[in-house]
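Here are the chains, one letter per residue:
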Amino acid sequence: MKTESLSALKSEIKNLPEEELRGIIVRLAKYKVENKELINYLLFHSYDQGNYIQLVQNEVEEQFRALNKSRTYLAKKTVRKALKTAQKHIKFAGKKEVEITLLIHFCKQLRKSGVLLRKGTVLGNIYLRQFQRIEKILESLHEDMQLDFEQDIEILRK
């Protein structure tokens, strides 16, 4: 069975009565946890980006507090989990400002965690890839926005 295109889905949604549309949204929320999280973001957090960013930053910080530095394998696993959390929320927001803010915060937490970020190691490569992603996003932002983030990026360059 072939899935319809996004434009076909949009036009079909326009023709649905409100009650049926509500039922579809609730069913989507039941089907997958990520769908429920996205609906939660759209309904309760999309209007207040600052508060949403703070909530996500707190969640990432909490994951870094649970970081087990005694074994590199466990540290890598926790760091990847924190990155996955940040990326999920970046995808929900869909805004470059939120993306760069959360990635900068992730990189700061990774540096602050005390794990070794030597060049060529997995953790070092994770840090480097996220820093390169930050720089790429920074280039696409307006000049005024670039200046707002420049100080944070200089800290990460060191």
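Residues numbered from 1 in each chain as written. Predicted model: local features only at pLDDT ≥ 70, side-chain atom pairs only at ≥ 80, totals over all residues. Heavy atoms only, no water.

1. Some remarks on the overall build of the protein chain
Turning to step 1, where the next piece is worked out: When helices and strands are tallied, the protein chain shows eight helices and zero strands.
Turning to step 2, where the next piece is worked out: For the protein chain, the succession of helices and strands along the chain, N to C, is α-α-α-α-α-α-α-α.
Turning to step 3, where the next piece is worked out: Along the longest, intermediate and shortest principal axes, the C-alpha atoms of the protein chain span 55 × 40 × 30 Å.
Turning to step 4, where the next piece is worked out: Relative to its full complement of 158 residues, the protein chain shows a buried share of 31%.
Turning to step 5, where the next piece is worked out: Nonlocal contacts in the protein chain, meaning residues at least 24 apart in sequence, comprise 62% of its contacts between residues at least 6 apart.
Turning to step 6, where the next piece is worked out: Roughly 11200 Å² of accessible area belongs to the protein chain as shown, and the carbon and sulfur atoms make up 54% of that amount.
Turning to step 7, where the next piece is worked out: For the protein chain, the distance from the average site of its 30 positive side-chain charges to the average site of its 21 negative ones is 11 Å. (Helix = DSSP H or I, 4+ residues; strand = E, 2+ residues; numbered from the N terminus. Buried < 20%, exposed > 50% of the residue type's maximum accessible area, 1.4 Å probe, protein only. Contact = heavy atoms within 4.5 Å. Areas by Shrake-Rupley, 256 points an atom, 1.4 Å probe, with all protein chains shown as cover. Lys, Arg positive; Asp, Glu negative; His and termini not counted. Charge placed at Lys NZ, Arg CZ, Asp CG, Glu CD.)

2. Re the packing of helix H6 (residues 96–112) against helix H7 (residues 122–140)
Turning to step 1, where the next piece is worked out: At a closest axis distance of 10 Å, the pairing of H6 and H7 adopts a crossing angle of 150 degrees. With respect to H7, the axis of H6 lies roughly antiparallel. Once H6 is placed against H7, the crossing between them reads as left-handed. Between H6 and H7, the residues in contact are Lys96, Glu99, Ile100, Leu103, Ile104, Phe106, Cys107, Leu110 and Arg111 and Leu123, Ile126, Tyr127, Gln130, Phe131, Arg133, Ile134, Ile137, Leu138 and Ser140, respectively.
Turning to step 2, where the next piece is worked out: Partitioning the contact of H6 with H7 into residue classes produces 13 nonpolar, two polar and four charged. (Axes fitted to C-alpha atoms, helices over the stretch in contact; angles between N-to-C directions. Parallel < 35°, antiparallel > 145°, perpendicular 65-115°, else oblique. Left-handed = near helix turned anticlockwise from the far one by under 90°. Nonpolar A, V, L, I, M, F, W, Y, C, P; charged D, E, K, R; others polar.)

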